Amino acid sequence: MLRAIYPGSFDPVTLGHIDIIKRSYDIVDELIVGVLNNNAKMPLFSVEERVRMLKEATNALPGIRVIPFEGLLVDFARQMEAGLVIRGLRAITDFEYELQMSQTNHKLEPSVETMFLTANVEYSYLSSSTVKEIAAFGGDTSQFVPEAVSLAFNQKKKESNKDE
Ligand code: PNS
């Protein structure tokens, strides 16, 4: 039985992440989406919001679990009894960081392997940061993110308009 973790900040989840989730789901027996809870990264969305949006975006895929985690990924993998970490690679620029991370994780916990899925070309330019920038300047994010996320951006905009 192959249980895998797809970890990330998901601040917020994009259609590129959803594509990796769907493709991983077809490969492994059980998929856990691990959402990093690290306030030092100053996320736009709280971990509760990020988990909720991921759950809404993946609720058509039975058996996927969306679980927040703190601390080391390898500790979370051990706790979940998962032997595989899945990460997406969009471009060569992702590779250096991902290689370093996978080798560090493997050193820390040799039983945990990392598998890379290359991003679908349709999403290879897409990142959570660019989506946040589009939203910050009032642009329409709906072609880049699941509906739950564009609704959350609209809600945040309404709240900030009220505060002004
Ligand atoms: O979506 P991101 O921000 O690229 O995801 C990065 C993530 C969450 C996978 C990575 O930061 C992580 O695993 N953090 C947990 C801390 C950890 O285990 N660090 C050691 C590995 S280098």
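Please read all numbers here as calculations on a predicted model, not as lab measurements.

K.L.:
How would you explain the overall build of the chain if you had to name every residue and give the values?
P.N.:
Counting secondary structure elements, the chain contains six helices and five strands. When its helices and strands are written in sequence order, the chain yields β-α-β-α-β-α-β-α-β-α-α. Relative to its length of 164 residues, the chain is compact, with a C-alpha radius of gyration of 16 Å against a globular reference of 15 Å. Nonlocal contacts in the chain, meaning residues at least 24 apart in sequence, comprise 76% of its contacts between residues at least 6 apart. When the accessible surface of the chain is summed, it comes to about 9400 Å², and 52% of that surface belongs to carbon and sulfur atoms. Of the charged side chains in the chain, 17 are positive and 23 negative, and the gap between their average positions amounts to 2 Å.

K.L.:
Break down the site of the ligand for me, citing the residues and quoting the values.
P.N.:
Within the structure, the ligand sits among Gly-8, Ser-9, Leu-36, Lys-41, Gly-71, Leu-72, Leu-73, Arg-87, Tyr-97, Met-101 and Asn-105. Measuring from an oxygen atom of the ligand, one finds a side-chain N or O atom of Ser-9 at 2.6 Å. Within the backbone of Leu-73, a nitrogen or oxygen atom sits 2.8 Å from an oxygen atom of the ligand. Taken by itself the ligand offers 550 Å² of open surface, and the protein chains cover 76% of this. Looking at the shell around the ligand, the element that brings in the most residues is helix H4 (residues 92–108), giving three residues. Its residues assigned to classes, the shell around the ligand shows five nonpolar, four polar and two charged.

K.L.:
Before we move on, can you summarise the packing of helix H2 (residues 47–58) against helix H6 (residues 147–163) with the specific residues and values?
P.N.:
Contact geometry of H2 with H6 gives a least axis separation of 9 Å together with a crossing angle of 140°. Seen from H2, the contacting residues are Glu-49, Met-53 and Glu-56; seen from H6, they are Ala-148, Val-149, Ala-152 and Lys-156. Tallied by class, the residues present in the contact of H2 with H6 amount to four nonpolar, no polar and three charged.

K.L.:
Lay out the pairing of strand E2 (residues 30–36) with the relevant residues and their values.
P.N.:
Buried residues dominate E2, accounting for six of its seven residues. Here six bridges tie strand E1 (residues 3–8) to E2, and the two strands are oriented parallel to one another. Counterpart to Gly-8 in the pairing with E2 is Val-35. With helix H1 (residues 15–27) bridging E1 and the parallel E2, this β-α-β connection has right-handed handedness. The pairing of E2 with strand E3 (residues 65–69) spans five bridges and is classified as parallel.

K.L.:
Run through the sheet that holds E1, naming residues and quoting values.
P.N.:
Reading across the sheet, the five strands line up as E3-E2-E1-E4-E5 and stay open at both edges, with parallel pairing between neighbours. Among the strands making up the open sheet, the edge pair consists of E3 and strand E5 (113–118). Between one strand axis and the next, the sheet turns by 35° as a mean value, whatever way the strands run. Pairing between strand E4 (residues 84–89) and E5: six bridges, direction parallel. Looking across to E5, one finds that Arg-87 is bridged to Phe-116. Across the face of the sheet, H1 comes into contact with E1, E2, E4 and E5 while running at roughly 120° to E5.

Cut-offs used in this document
Residues numbered from 1 in each chain as written. Predicted model: local features only at pLDDT ≥ 70, side-chain atom pairs only at ≥ 80, totals over all residues. Heavy atoms only, no water. Helix = DSSP H or I, 4+ residues; strand = E, 2+ residues; numbered from the N terminus. Rg over C-alpha atoms; globule rule 2.2 N^0.38 Å. Contact = heavy atoms within 4.5 Å. Areas by Shrake-Rupley, 256 points an atom, 1.4 Å probe, with all protein chains shown as cover. Lys, Arg positive; Asp, Glu negative; His and termini not counted. Charge placed at Lys NZ, Arg CZ, Asp CG, Glu CD. Near = heavy atom within 4 Å. Polar contact = N/O pair within 3.5 Å; in protein donor to acceptor, adjacent residues only side chain to side chain. Nonpolar A, V, L, I, M, F, W, Y, C, P; charged D, E, K, R; others polar. Axes fitted to C-alpha atoms, helices over the stretch in contact; angles between N-to-C directions. Buried < 20%, exposed > 50% of the residue type's maximum accessible area, 1.4 Å probe, protein only. Pairing = 2+ DSSP bridges. Right-handed = clockwise from strand over helix to strand, strands pointing away.

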